[in-house]
Every structure is written in C-alpha cells, then in structure tokens.
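Analysis of the macromolecular model
Chain residues, written in single-letter form:
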Amino acid sequence: EVFLELIRDPLIRLVLLMGLFILFYNHGMNHWLPDLLRSYGMTPTEAGYWAAIPTLFGMVASLSLPRMATPDKRFAILLGLFICAAIATIMIWAASDLLLATGLVLQGMCRGAMTSISILLLIESGDGNTSHVGAASGLYFSVGEVGGVLGPMSMGALAHATGDFNASLYMMFGVACLLMLILFRLRAAQAQN
C-alpha cells in the first residue's frame, strides 16, 4: 500500500525516473572507465590511476555538496551537476590530458553528489509523511538499479558494436541532457502543487 501510494504521486515518479537515469550514467561511466582509458592507449596501470581520479573527487563532493543543497539551492546545484555530467562526457571524449583530467574530476563530482541530492528531492516531494522516507528511499534504489544495470550493458553493447567508446559517450551526453529536462519538468510540477 505504501509503495502504491508513493507511485501515485507524480513528483515522486519524476524523481524515480531521474534516479534511474542518474544510476544509468554513474554505473555506465564507472564500470567502463578503465577500458575506455585503455582504448586511448594507456597501459592497465595508467588507466587504473586515471580511473581513480573520479573516485577521489567523488568522495569530496559527496561530503560537501549535499550539505550545501538546502531546499532553496537544491534545483540549482542539481542542474549544475547535470550540466557538469554532460560537459564531463565531452571532455573525456576529447581525450587530451588536460581535458581528460578535468572531465574525470567533473564526472567524479557528479557521481558523488547526484544521487544524494536527488534523494533529498524525493524526501521533499512526499506529502510530508516522514514514516514513508525509508520506503521511498528503497523504491528509489530499486528503480535506480534498473538504470544501474542498463547503463553498463548499453555502454558495453555500443562499444562492442562500433569498435570504440564514441557512441557510448554520446549516449551518456544525451542521458545527462535528459536529466536536465526531467529536472525542469519536476520544477514545473512542484510549482503547480
């Protein structure tokens, strides 16, 4: 009954959809990053060191950005993260050392904070019934992990079909843009309530 009640709320459905694409992006980029870097000519050791960059900056972002995401700043911070996610895919695709390093830093910052802040939006989107927070968070990750499986599968299938990661990175750029659209739709729906 609680899950059905949550799913009936259009705001919660939008946040769940956002969670699906956030984990699609995060898991796809995370799981294929070492192989992507090796496709640029790096040795496995070099690719491992470079792939650690997003993890390091992700830890910093996950500790700092959600604290700054007060209700009045949440939309702006999440929009900034989605824009950074889109820019990160382009910089990683460019593959030059400076752009690649910057793209990996941005990607790490995004992956460290997008999920946390979207869960804050989920909690805020409910009808104020705090007894459903646990169920809503569980529902978020249940839906999100569908994206968590589809992201790496899609990225790998595209890379296998095309012989490189260009199409996969274009797809992830599109996913980041789609997240921006969902966020704007969520903001419009919140304004109507």
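Above this text sits the structure in question.
In what follows, the accompanying structure is described.

Calculation rules
Residues numbered from 1 in each chain as written. Predicted model: local features only at pLDDT ≥ 70, side-chain atom pairs only at ≥ 80, totals over all residues. Heavy atoms only, no water. Helix = DSSP H or I, 4+ residues; strand = E, 2+ residues; numbered from the N terminus. Rg over C-alpha atoms; globule rule 2.2 N^0.38 Å. Contact = heavy atoms within 4.5 Å. Areas by Shrake-Rupley, 256 points an atom, 1.4 Å probe, with all protein chains shown as cover. Lys, Arg positive; Asp, Glu negative; His and termini not counted. Charge placed at Lys NZ, Arg CZ, Asp CG, Glu CD. Phe/Tyr/Trp six-rings, centres within 6.5 Å; stacked < 30°, edge-to-face > 60°. Buried < 20%, exposed > 50% of the residue type's maximum accessible area, 1.4 Å probe, protein only. Lys NZ or Arg CZ within 6 Å of the ring centre and 35° of its normal.

Quick look at the overall build of the protein chain
- Helices and strands together make up the secondary structure of the protein chain, namely 7 helices and 0 strands.
- For the protein chain, the N- to C-terminal ordering of α and β elements is α-α-α-α-α-α-α.
- Taking 16 Å as the expected radius of gyration for a compact globule of 193 residues, we find that the protein chain reaches 17 Å, a close match to that expectation.
- In terms of overall dimensions, the protein chain has a C-alpha envelope of 50 × 35 × 25 Å along the principal axes.
- Within the protein chain, counting contacts between residues at least 6 apart in sequence, those at least 24 apart form 80% of the total.
- Only carbon and sulfur atoms are counted for the fraction: they give 68% of the accessible area of the protein chain, which is about 9400 Å².
- Side-chain charges in the protein chain split into 9 positive and 11 negative, and the spacing between the mean points of these groups amounts to 6 Å.

A closer look at the packing of aromatic side chains
- The full count for this structure, using the stated rule, is 5 aromatic pairs.
- Ring geometry for Trp93 versus Tyr170: centroids 6.0 Å apart, planes at 45°, classification tilted. Pair noted here: Trp93 is in helix 4 (residues 74-94) and Tyr170 is in helix 7 (residues 166-192), with a separation of 77 residues, a long-range link.
- Using a relative accessible area of 47% as the deciding quantity, one classes Tyr170 as partly exposed.
- Taking the ring centre of Phe75 as reference, the NZ or CZ of Arg187 above it sits at 4.2 Å.

Everything listed here is a matter of coordinates, which is why it stays silent on function.
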